[in-house]
2 protein chains.
Amino acid sequence: MAPPHDDKAAAAAEVNDESTAKRPISNVLFIIAMQTEASPLVNKFQLVEEPESVFPKGVPWVRYYGKYKDLNINIVCPGKDKILGVDSVGTVSASLLTYASIQALQPDLIINAGTAGGFKAKGASIGDVFLASDVAFHDRRIPIPVFDLYGVGSRQAFPTPNLAKELNLKVGKLSTGDSLDMCAQDEAAIVANDATVKDMEGAAVAYAADLLEVPAIFLKAVTDIIDGDKPTAEEFLQNLAAVAAALDLAATQVVDFINGKSCSEL
Amino acid sequence: MAPPHDDKAAAAAEVNDESTAKRPISNVLFIIAMQTEASPLVNKFQLVEEPESVFPKGVPWVRYYGKYKDLNINIVCPGKDKILGVDSVGTVSASLLTYASIQALQPDLIINAGTAGGFKAKGASIGDVFLASDVAFHDRRIPIPVFDLYGVGSRQAFPTPNLAKELNLKVGKLSTGDSLDMCAQDEAAIVANDATVKDMEGAAVAYAADLLEVPAIFLKAVTDIIDGDKPTAEEFLQNLAAVAAALDLAATQVVDFINGKSCSEL
């Protein structure tokens, strides 16, 4: 597919974008890193796993789909690593899955939902579900002018002021890195990113969604308090199932709110 | 497209893989992160930039292609960040570009070529071109059993014993992370990875190539000595153009060697 090079085509594309923004949302794509996070939502929306993959042969990516109210809902997960059998978490597989899902499913809106660490100093508690206002990376340090900004890769989530207000969701900035823990340099970057929640996929989903110009929002449920007393891995595993239920509830409310609305009404 | 689930299909796929391995290589895909690294090779192989992109509208990815001896050569670069204008380095864009290029161009062999930092303690000097025997990540710490191994993501490069011997290339392990510098935790992981060279893309290219089962090799030219006296960013920028020429020479020799051979003869 060739990009439009002339002004007429560019103008047409812009008009098209505008009408897309005002058209009721039809296709919602959830991108969820872990099976444990996805399962309650798959059940809630009564989705089924597709028998024939829309993805290339050999990739572990899993897709569930179905109709809920007026919406076509897809939930995609990066699936189990082919050799190690664990969920394919992190930025590389999240970005690949986002890219391939956009190409295959043409969503109107992406919702990256999942668990996250939270900072109590910024107002986060276990079980809180945050809507991210901004996303950025905290483990891509490139100390060369302009490359440094590229590394941080800060970008705004698609603005959803009505959604945040109506559902009374906490709003905060999200910082993404490929480690479950954080080293001193990560921590300094997270502070510089002014983040309330920390995950392992958000900014990568945002990057891929932005490349292909699909609106993306981020729902992150807090499984562990990073600036607390307990070790992150232990607290994360202890709270994962319970917090997945909170995430499930919030995601359902978000989908109910979205139903019948256009992107510009969010 | 559905993956083959029955034994007959799996056997057919294996036979197919085997015949692919023995067929002369026809399509070679270079994945190169920076324009400065790519330009000498684009000129050497007299490649041209495609007027109509094989990639989706809006992505900054650039493709050069042409015929060199009996080979179709494609060089793809992640291109300039749409907002910041710098080369889109790092694992996320490298994995996306690898995935999309395999889908669009169906290469027989991927060569991820680029610059890298080297460890003099492991035998690296400025201007050396290494062929990576193995790749792994050094900035994906997930201290949960099995997830820890997934984070490191260690995998072998496609084995090319004849190539290494014939061209007398130095062989070493490659460690990949999204930072140009390294923090103490990165350094410990690089040591654990037994790495001689350090880059920002290799393991991500390997991951995407592995997902789609395309053989990948890694040519990394040393621009800076990590365990030396000079600051990495300064040394990298100083040596970038000169070392790109060394990389260019090695890459040409590799392509000359590949010409007329099958993957199993490398």
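What comes next is a walk through the structure. This one's a predicted model, so the numbers in the text were calculated from it and none came from an experiment. (Residues numbered from 1 in each chain as written. Chains lettered and ligands numbered in written order. Predicted model: local features only at pLDDT ≥ 70, side-chain atom pairs only at ≥ 80, totals over all residues. Heavy atoms only, no water.)

Description of the overall build of chain A
- Scanning chain A for helices and strands turns up eight helices and ten strands.
- Projected onto the principal axes, the alpha-carbon positions of chain A cover approximately 55 × 45 × 45 Å.
- The buried share of chain A, reckoned over its 266 residues, is 59%.
- Counting contacts in chain A only where the partners sit at least 6 residues apart, residues at least 24 apart contribute 74% of the total.
- Total accessible area computed for chain A in this model is approximately 10600 Å², and 53% of it derives from carbon and sulfur atoms.
- Both charge centroids of chain A, one from 22 positive and one from 35 negative side chains, sit 3 Å from each other. (Helix = DSSP H or I, 4+ residues; strand = E, 2+ residues; numbered from the N terminus. Buried < 20%, exposed > 50% of the residue type's maximum accessible area, 1.4 Å probe, protein only. Contact = heavy atoms within 4.5 Å. Areas by Shrake-Rupley, 256 points an atom, 1.4 Å probe, with all protein chains shown as cover. Lys, Arg positive; Asp, Glu negative; His and termini not counted. Charge placed at Lys NZ, Arg CZ, Asp CG, Glu CD.)

With respect to the relation of the copies chain B and chain A
- You can overlay chain B on chain A at an RMSD of 0.0 Å; the transform is a turn of 180° with a shift of 0.0 Å along its axis. Put plainly, the chains are arranged around a two-fold axis.
- Same-surface contact between copies: 98% of interface residues of chain B are shared with the interface of chain A. (Least-squares fit on C-alpha atoms with pLDDT ≥ 70 in both.)

Quick notes on the packing of aromatic side chains
- Within this structure, the stated rule accounts for nine aromatic pairs over all chains.
- Pairing A:F55 with A:W61 gives two aromatic rings, centres 5.4 Å apart and planes at 85°, and the pair type is edge-to-face. Of the two residues, A:F55 and A:W61, neither departs from the other in class, the shared state being buried.
- Among the aromatic residues, those joined into a cluster by ring pairs are A:F55, A:W61, A:Y99, B:F55, B:W61 and B:Y99.
- The lysine or arginine in question, A:R140, covers the ring of A:Y150, its NZ or CZ lying 5.3 Å from the ring centre.
- The ring of A:F257 has A:K261 sitting right over it, with the charged end atom 3.9 Å from the ring centre. (Phe/Tyr/Trp six-rings, centres within 6.5 Å; stacked < 30°, edge-to-face > 60°. Lys NZ or Arg CZ within 6 Å of the ring centre and 35° of its normal.)

Quick word on empty space enclosed by the protein
- Under the counting rule described, the total for this entry stands at three cavities of 30 Å³ or more.
- Space inside the largest cavity adds up to approximately 270 Å³.
- In this structure, the largest cavity is lined by 23 residues; those nearest its centre are A:M34, A:T115, A:L180, A:M200 and A:F236.
- Sorting the residues of the lining of the largest cavity by element identifies β5 (109-118), β9 (195-199), β10 (216-225) and α8 (232-258) of chain A as the ones contributing at least two each.
- With four residues, β5(A) is the largest single contributor of residues to the lining of the largest cavity.
- Taken together, the residues of the lining of the largest cavity break down into eleven nonpolar, six polar and six charged.
- Space inside the second largest cavity adds up to approximately 40 Å³.
- Around the second largest cavity, the lining residues are A:D139, A:R141, A:S179, A:C183, A:D186, B:D139, B:R141, B:S179, B:C183 and B:D186.
- Residue composition of the lining of the second largest cavity, by class: two nonpolar, two polar and six charged. (1 Å grid on protein atoms, 1.4 Å probe; cavity = no way out; pocket = protein on both sides within 12 Å on 5 of 7 lines; lining within 4 Å. Points joined across faces, edges and corners; volume = space filled by probe spheres on them. Nonpolar A, V, L, I, M, F, W, Y, C, P; charged D, E, K, R; others polar.)

Quick look at the packing of helix α2 (residues 35-44) of chain B against helix α8 (residues 232-258) of chain B
All names here are of chain B.
- At a minimum axis separation of 9 Å, α2 and α8 run at an interaxial angle of 40°. Here α2 lies oblique to α8, going by the angle between them. The two elements α2 and α8 meet at a crossing, and its hand is right-handed. For the pair α2 and α8, the contacting residues are T36, E37, P40, L41 and K44 in the first and L240, A244, D248, A251 and T252 in the second. (Axes fitted to C-alpha atoms, helices over the stretch in contact; angles between N-to-C directions. Parallel < 35°, antiparallel > 145°, perpendicular 65-115°, else oblique. Left-handed = near helix turned anticlockwise from the far one by under 90°.)

Some points on the environment of A:V62
Residue and element names in this part refer to chain A.
- Mapped onto the elements of the fold, V62 is located in strand β3 (residues 62-68).
- Judged by its relative accessible area of 14%, V62 is buried.
- Sequence separation between V62 and Q35 is 27 residues, and the spatial gap between their C-alpha atoms is 9.5 Å.
- Leave out the neighbours within four places in its chain, and V62 touches E49, I75, V76, C77 and G79.

Here we look at the pairing of β5(A)
Residues and elements named next belong to chain A.
- Burial runs high along β5: ten of the ten residues are buried.
- The pairing of strand β1 (residues 27-31) with β5 spans four bridges and is parallel. In the strand pairing of β5, L29 is matched with I110.
- Sheet analysis places β5 next to β9, joined by two bridges and oriented antiparallel. Bridge pairing in β9 places G118 opposite V197. (Pairing = 2+ DSSP bridges.)

Describing helix α7 (residues 202-211) of chain B
Residues and elements named next belong to chain B.
- With respect to burial, α7 is a largely interior element, nine of its ten residues being buried.
- If you check which residues of α7 are buried, you get G202, A203, A204, V205, A206, Y207, A208, A209 and L211.
- E213 sits one or two positions beyond α7 and adopts a positive phi of about 55°.

What about the side chain of A:T115?
Residue and element names in this part refer to chain A.
- Relative to the helices and strands, T115 is located in strand β5.
- A relative accessible area of 9% places T115 in the buried class.
- Only 2.6 Å separates the side chain of T115 from the side chain of E37, close enough to count as a polar contact.
- Ignoring any residue separated from it by four or fewer positions in sequence, one finds T115 in contact with E37, D199, K220, A221, T223, F236, L240 and V243. (Polar contact = N/O pair within 3.5 Å; in protein donor to acceptor, adjacent residues only side chain to side chain.)

Considering the interface of chain B and chain A
- Listed per partner, the contact involves 60 residues of chain B and 60 residues of chain A.
- Of the roughly 5200 Å² buried between chain B and chain A, counting both surfaces, carbon and sulfur atoms make up 66%.
- A per-residue breakdown of the area chain B buries against chain A is headed by B:K57, B:R141 and B:Y150, which together make up 13% of the total.
- Between A:R141 and B:D186 there is a salt bridge; the shortest N-O distance is 3.0 Å.
- Scanning the region where chain B abuts chain A turns up 16 residue pairs in polar contact (both at pLDDT 80 or more). (Buried area = accessible area lost by both parts, 1.4 Å probe. Salt bridge = Lys/Arg side-chain N within 4 Å of Asp/Glu carboxyl O.)

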